[in-house]
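Breakdown of the fold
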Amino acid sequence: MNDSLNFIEQIIEEDINSGKHDGKVLTRFPPEPNGYLHIGHAKAICVNFGLAEKYNGATNLRFDDTNPTTEETEYVDNIKKDISWLGFRWKEELYASDYFETLYQYAVTLIKKGLAYVDDSTPEEIAAMKGSPTEPGTNSPYKTRNIEENLNLFERMRNGEFADGSRVLRSNVDMSSPNMLMRDPIIYRIKHEHHHRTGDKWCIYPMYDFAHGQSDSIEGITHSLCSLEFIHHRPLYDWFIEKLEIFPSKQTEFARMNVEFMITSKRKLLKLVQDKYVDGWDDPRMPTISGMRRRGYPPMAIRTFCDKAGVAKRENTIEINLLEACVRDELNKTAERTMLVIDPVKVVIKNFPDNISEELVMELNPEDENSGTRPIQFSNEIFIEKEDFMKDAPDNFFRMKPGGLVRLKHAFIIECTGFSENANGEVTEIYANYFPDSKSGQDTSGLKAKGTIHWVNAKNAVNCDVRIYDRLFTHPSPGEGVEDFMEHVNKDSMTVIATAKMDPGMLKYGKSFGKQFQFLRLGYFTVDPDSSTEKIVFNKTVGLKDSWAKEKKK
RNA sequence: UGACCUAUGGUGUAAUGGUAACACUCCGGUUUUUGGUACCGUCAUUCUAGGUUCGAGUCCUAGUGGGUCAACCA
């Protein structure tokens, strides 16, 4: 597809070429099971799984569950569902908590080497001794505690003899390091908490820095890919591997992907849900994977998007245009076409016989020769889109206008002969004549219609709900330049339309959640789980490009 | 008064010391029974100052801008 390599691919190829790890590539995706996956995670998933796939390697799914107070099994299931939906398969499903005993022994090893000590200081004291980015820290009075005492104390920590927060195990590195993370970081803390997997077996839990890299090493992860914010952790990551003399996994950092009009902060997302600005984590406006799924974004479109966004180390904000282009591109190839009228007005075709209907043929997807067709019924009363008719139309308006010709998609050319309107000047009904010899596919009329519009047979049309979504935020970088990001929430991000008309044959898709359609000339839509076989609810995924909208502005 | 990362069109990513390119957007056009798709075209780019070199977007130094780091979170 593209023969230029990103910087991680270059590293991997160098490693393969030099015979490192026998040319094997093993990556990992390490979510903490305390929230829902979002577009940013999708990027990390694509990078980790994608690279492994490209280099004939594999990827472990490892839940980073070292903090029992925030983690739940419910999230584990959703995370697995999201990754699978994106189309990736992990080699092994693992948990950092699987390694608690090994990690404990690693800590003992460190203590025995004089590289870790039990600190009785309070959290406040430890913070004070940390120093600041510009000032070195100071040594804890417990830093010189002897090995025997440390071993004894650490064992008693494990045995539950001490209260939460009363003691910690710290690594013995360097309190004067310019890297704050090297200033004797805490590696074990006491938490008398129930863990979602280990239950009440443990009351001490390792910190991220003493779990993540070690887990990588235990699994034999060759390339541990993470976001840039962890770059300061790398010296520590390497330090533990060196001192513990364990498998040398290598951490490589790349920049997180930001997307215009989207937020990925767990706290902010939660606020939107709790304050009911959206209808749950899978609301189609949410940047969560479950939200995008419900919105109708195809998994392949999300993967293509992440690929096209690229991998590098600088701050970036990807235009939402690119995501929507990927979605359209995918759906154009795959979505079944049908006609639906969102804002209907009736057209009466005066020279078409009443009480009969004519069966016409509609192609399911012009981009796919094998997609087939479906029959549709034409009669003397149809609905068209209100905005496809203009009383006083300019020359560049190619749709329906008095005295003008227009093609009804898959049907006939009609000529508008008049209309009626109410006291407010709103058009209530339109009149037309059709040309029997202008039928789609067998047109012998010689007539030319500049425009083609979609329609629905009014004689048997049924109502459905259509939910139209707009951006969740009014600013491409929500929260920028204002005190509270909520100031940028778009209050009109969802419009529910209950007047839409469709062919009754569509009712059979009432339980086909996620089924995708292109409503001709309107956009891509998908069946929402709120649907039933009595009443379908469609979510608008994304509109078609609309060059008429641009033309109108001129 | 620290350390680390980073700087290429509007956006993102390439160019691995040798003609700055690709995608999306924008704008214009061709085709079209979706004002969609497809196709073609236009505009537009190396933060600044020094240095090394026959030659620097690339290497070096300094500056400037942006980002990150002081949770018993991950």
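Residues numbered from 1 in each chain as written. Chains lettered and ligands numbered in written order. Predicted model: local features only at pLDDT ≥ 70, side-chain atom pairs only at ≥ 80, totals over all residues. Heavy atoms only, no water.

Attention now goes to the overall build of chain A. A tally of helices and strands in chain A yields 13 helices and 27 strands. Taking 2.2 N^0.38 as the reference for a compact globule, 554 residues should give roughly 24 Å; the C-alpha atoms of chain A span a radius of gyration of 31 Å, well beyond that estimate. Overall, the C-alpha framework of chain A stretches about 100 × 55 × 45 Å when taken along its three principal axes. Each of the 554 residues in chain A was classed as buried or not, and the buried ones make up 51%. Within the structure as shown, chain A displays about 25600 Å² of accessible surface, and the carbon and sulfur contribution to it stands at 47%. (Helix = DSSP H or I, 4+ residues; strand = E, 2+ residues; numbered from the N terminus. Rg over C-alpha atoms; globule rule 2.2 N^0.38 Å. Buried < 20%, exposed > 50% of the residue type's maximum accessible area, 1.4 Å probe, protein only. Areas by Shrake-Rupley, 256 points an atom, 1.4 Å probe, with all protein chains shown as cover.)

Quick look at the packing of helix H4 (residues 100-112) against helix H6 (residues 147-158) now. Running from N to C, H4 and H6 point in directions that differ by 160 degrees, and their axes come no closer than 9 Å. The orientation of H4 with respect to H6, classified from their angle, is roughly antiparallel. In the packing of H4 onto H6, the handedness of the crossing is right-handed. Residues Glu-101, Tyr-104, Ala-107, Val-108, Ile-111 and Lys-112 of H4 lie in contact with H6, whose contacting residues are Ile-147, Asn-150, Leu-151, Phe-154, Glu-155 and Arg-158. (Axes fitted to C-alpha atoms, helices over the stretch in contact; angles between N-to-C directions. Parallel < 35°, antiparallel > 145°, perpendicular 65-115°, else oblique. Left-handed = near helix turned anticlockwise from the far one by under 90°. Contact = heavy atoms within 4.5 Å.)

Taken together, 67 residues sit near RNA strand B, with Gln-10, Arg-314, Arg-337, Arg-399 and Ser-440 positioned nearest. When atoms of RNA strand B within 4 Å of the protein are split into backbone and base, the sugar-phosphate part holds 60%. Within the contact set of RNA strand B, a base nitrogen lies 3.5 Å away from a backbone nitrogen or oxygen of Ser-121. Of all the elements in the fold, those that place two or more residues in the surface near RNA strand B are strand E6 (186-190), helix H11 (299-309), strand E11 (317-318), helix H12 (320-334) and helix H13 (547-553). When residues in the surface near RNA strand B are grouped by element, the largest group, 4 residues, is from H12. (Near = heavy atom within 4 Å. Polar contact = N/O pair within 3.5 Å; in protein donor to acceptor, adjacent residues only side chain to side chain.)

Moving on, we get to the sheet that holds strand E3 (residues 93-95). Spatially, the 3 strands line up as an open sheet ordered E1-E2-E3, and their pairing is parallel. Two strands lie at the open edges of the sheet, namely strand E1 (26-29) and E3, each paired on one side alone. Each strand of the sheet is rotated relative to its neighbour by a mean of 35 degrees, with strand direction disregarded. Of the pairings in the sheet, the one linking strand E2 (residues 58-63) to E3 comprises 3 bridges and is parallel in character. Following the sheet pairing, Leu-61 is matched in E3 by Glu-93. (Pairing = 2+ DSSP bridges.)

Enumeration according to the criterion identifies 27 aromatic pairs in this entry. Measuring from centroid to centroid gives 5.7 Å for Phe-100 and Tyr-205, while their planes differ by 75 degrees, and the two rings are edge-to-face. Remark: Tyr-205 occurs in strand E7 (residues 204-206) and Phe-100 occurs in helix H4; sequence separation between them is 105 residues. For the residue pair Phe-100 and Tyr-205, the accessibility class agrees, reading buried in each case. Arranged with centres 6.2 Å apart and planes meeting at 25 degrees, the rings of Phe-517 and Phe-519 form a pair that is stacked. Phe-519 matches Phe-517 in its accessibility class, with the two residues each being buried. (Phe/Tyr/Trp six-rings, centres within 6.5 Å; stacked < 30°, edge-to-face > 60°.)

Turning next to the domain arrangement of chain A. By the assigned domains, chain A splits into domain 1 (7-256), domain 2 (266-336 + 464-553) and domain 3 (345-362 + 370-454). Each of domain 1 and domain 2 has a C-alpha centre, and these two points are 36 Å apart. On the domain 1 side of the contact with domain 2, Tyr-36, Ile-39 and Trp-85 bury the most area, a combined 31% of that side's loss. Close ionic contact of Arg-293 with Asp-82 constitutes a salt bridge, the shortest N to O distance being 3.1 Å. Across the contact surface, domain 1 and domain 2 share 10 residue pairs in polar contact (both at pLDDT 80 or more). Taken together, the elements giving at least two residues each to the side of domain 1 that touches domain 2 come down to helix H1 (7-17), helix H2 (39-54), helix H3 (73-85) and strand E9 (250-254). Residue contributions to the side of domain 1 that touches domain 2 peak at 7 residues, all from H2. (Domains from an automatic or database assignment. Buried area = accessible area lost by both parts, 1.4 Å probe. Salt bridge = Lys/Arg side-chain N within 4 Å of Asp/Glu carboxyl O.)

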